[in-house]
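# Examination of the molecular architecture
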Amino acid sequence: MLNYFLKRLFVMLLMIVLVSTMIFFLFRTMPGDPTAYVVDPSIPPEARQQLLERYGLDGSLWDQYKVFITDLARLDFGDSFFYNRPAIEIIQEKLAATLILMLSAMVFAYTMGVFGGAWMAWRRGSRLESIGITVSLIFRSAPTFWVGLMMILFFSVQLAWFPAQGMRTAGTGGGTFAEMFLNLDFLRHLILPALVAGLYFMATPMLIMRNSMLEVMSEDYIEMARAKGTKERHILYRHAARNALLPVVTAGALFIGASIGGQVLIEVVFSWPGLGREIVTAVTRHDYPLAQGSFIIISAMVMFMNLIADMLYALLDPRISYN
């Protein structure tokens, strides 16, 4: 197990370098001149040269790449062109807000999806199964910005239960993590965007779990458990659901990375100051350090979650061995 983990870790680091290289050259081949945004063309040539040197834009492409790879080893993505601050600091601020939003949505989606999918497979052919599949597919198919606007109209405007926008009420919160995120005001702002994202993602684990359960339920050991007189609930959750979880775990590992960059619309509708919205803004501003750092962090998280999923396989299925 340890040897397998170390090998996968080495491959993951190698892939991060390759992906970072691709991201570096991809941004350099984009149309538009990034120096036009960073440096005012009307300033004197001497001042312009100093600014280019400060942001590392004065050297050749190869020289910039060598500096980029060297800084990457220290998790230094350079200073943001727009914020004029280290990009890693901005990413940390935005990533925390996005991770809390997406993890809340993931807990809701996978709790409802796993238990709902297992239950629907167990009650296959019933009317409630049809209703469950239809509702989950409606939320999966509906545009998230439309669902978000409907939620705001009903819960914020009509009922006035939750705030419509933002991460906290103006004038509240503080500088520490607890003051920012561990309070009732933040929770009230979190519920609506997390609910919209959770309803959108719920169909994936639910349908995967249902289909996987239908395959597992035809196995001989399920019939054997019934023949022994084991309780239906015991068979459902201890024998069938556990062995049907492997595809759900794989989908969950990919969920984190995909959700960070893919929930721009939810962050825009609810004015949530997350990383997804910041990436789009950074690309349009040609803010290379911030955009590159964000994509590299997301890529690394997807690879790391895949590694975690592989490790969980051995725990969920004793037939899998890494020796």
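For the structure itself, consult the block above.
The numbers attached to residues start from 1 for each chain and follow its sequence in the written order. Reporting of local features is limited, given that this is a predicted model, to residues whose pLDDT is at least 70; pairs of side-chain atoms are given and counted only at 80 or more, and all residues count toward the totals for whole chains, interfaces and linings. By convention in this description, side-chain values take in all heavy atoms of the structure and omit both hydrogens and water.

### Observations regarding the overall build of the protein
Stated precisely, the cut-off is as follows: Helix and strand assignments follow DSSP, with helices taken as H or I runs no shorter than four residues and strands as E runs no shorter than two, numbered in order from the N terminus. Exposure classes here rest on a 1.4 Å probe applied to the protein chains alone. A residue is buried below 20% of its type maximum, exposed above 50%, and partly exposed in between. We call two residues in contact when some of their heavy atoms are within 4.5 Å. Residue-level accessible areas treat just the shown protein chains as cover; the underlying method is Shrake-Rupley with a 1.4 Å probe.
Within the protein, the secondary structure is distributed over 16 helices and zero strands. The 323 residues of the protein split such that 42% are buried. Contacts in the protein between residues far apart in sequence, at least 24 positions, make up 76% of those at least 6 positions apart. Accessible surface, the protein as shown: approximately 17,400 Å² in total, 66% of it carbon and sulfur.

### Remarks on helix α10 (residues 203-216)
Basically, it comes down to this: One less than the residue count of a helix, multiplied by 1.5 Å, gives the span that helix is expected to have.
In this model, α10 (14 residues) spans 20 Å end to end at C-alpha, consistent with the 20 Å of a helix rising 1.5 Å per residue. Among all positions in α10, only Ala-203, Pro-205, Met-206, Met-209, Arg-210, Ser-212, Met-213 and Val-216 are buried.

### Quick notes on the packing of helix α11 (residues 220-227) against helix α12 (residues 232-243)
Here is the rule: Geometry is summarised by axes, namely lines fitted to C-alpha atoms with helices restricted to the contacting stretch, and by angles between N-to-C directions that run from 0 to 180 degrees. If an angle is under 35 degrees, it is roughly parallel; if it is over 145, roughly antiparallel; if it lies from 65 to 115, roughly perpendicular; otherwise it is oblique. By convention the crossing between two helices is left-handed if the near helix lies anticlockwise of the far one by an angle smaller than a right angle, and right-handed if it lies clockwise. Each residue is assigned to one class: nonpolar for Ala, Val, Leu, Ile, Met, Phe, Trp, Tyr, Cys and Pro, charged for Asp, Glu, Lys and Arg, and polar for all the others, Gly among them.
At a minimum axis separation of 10 Å, α11 and α12 run at an interaxial angle of 165°. What the angle tells us is that α11 and α12 run roughly antiparallel. Handedness of the crossing formed by α11 with α12: right-handed. Each of Tyr-221, Ile-222, Ala-225 and Arg-226 in α11 lies in contact with α12, whose residues at this interface are Glu-232, Ile-235, His-239, Ala-240 and Asn-243. Partitioned by chemical class, the residues of the contact of α11 with α12 number five nonpolar, two polar and two charged.

### A closer look at the pattern of salt bridges
Using the following cut-off: Just to be clear on terms, a salt bridge is a Lys or Arg side-chain nitrogen sitting within 4 Å of an Asp or Glu carboxyl oxygen.
Under the defined criterion, the tally for this structure stands at seven salt bridges. The salt bridge partner of Glu-129 is Arg-210, with a shortest N-O separation of 2.7 Å. With Glu-129 in helix α6 (residues 127-141) and Arg-210 in helix α10, the pair connects residues that are 81 residues apart, well separated along the chain. Arg-210 carries the same exposure label as Glu-129, and that label is buried. What emerges from the salt-bridge pattern is a single network uniting Arg-85, Glu-89 and Glu-93.

### Points about unusual backbone geometry
Of note, Leu-75 is a non-glycine position whose phi angle comes to about 55°, a positive value. The phi angle at Ala-160 is positive, at roughly 60°, despite the residue not being glycine.

### Details of the environment of Ser-299
Stated precisely, the cut-off is as follows: Side-chain atoms alone can form a polar contact between residues adjacent in sequence; in general such a contact is a pair of N or O atoms within 3.5 Å, and within protein one must be able to donate a hydrogen while the other accepts it.
Note that Ser-299 resides in helix α16 (residues 288-316). For the pair formed by Ser-299 and Ile-16, sequence separation is 283 residues and the distance between their alpha carbons is 7.2 Å. A distance of 2.8 Å separates the side chain of Ser-299 from the backbone oxygen of Phe-295, its partner in a polar contact.

### With respect to the packing of aromatic side chains
Note the following rule: Note on aromatic contacts: the rings of Phe and Tyr and the six-membered ring of Trp form a pair at centre separations within 6.5 Å, being stacked when their planes are under 30 degrees apart, edge-to-face when over 60 apart, and tilted otherwise. Distance and angle both matter: a charge sits over a ring if NZ of Lys or CZ of Arg is within 6 Å of the ring centre and within 35 degrees of the ring normal.
This model, assessed by the stated rule, comprises 12 aromatic pairs. Seen from their ring centres, Phe-24 and Phe-25 are 5.1 Å apart, and the 90° between their planes marks the pair as edge-to-face. Relative accessible area serves as the criterion here: at 0%, Phe-24 is assigned to the buried category. Judged by its relative accessible area of 32%, Phe-25 is partly exposed. Taken together through their ring pairs, the aromatic side chains of Phe-24, Phe-25, Trp-62, Tyr-65 and Phe-68 make up a single cluster. Above the ring of Tyr-200, the side-chain terminus of Arg-140 is found at 4.4 Å from the ring centroid. When the ring centre of Phe-82 is taken as reference, the NZ or CZ atom of Arg-285 above it lies at 3.5 Å.

### A closer look at the layout of surface pockets
What counts here: Points on a 1 Å grid, built from protein atoms alone, make a cavity when a 1.4 Å probe fits but cannot get out and make a pocket when they are open with protein on both sides within 12 Å along at least 5 of 7 lines; residues with an atom within 4 Å of a point are the lining residues. Grid points are joined across faces, edges and corners, and a volume is the space filled by probe spheres set on the points.
Its volume calculated, the second largest pocket comes out at about 250 Å³. As for the second largest pocket, its lining consists of Leu-13, Ile-16, Val-17, Ile-69, Leu-72, Ala-73, Leu-75, Ile-296, Ile-297, Ala-300 and Met-301. Elements with a minimum of two residues in the lining of the second largest pocket: α1 (2-28), α4 (61-72) and α16. Split into classes, the residues belonging to the lining of the second largest pocket amount to 11 nonpolar, no polar and no charged.

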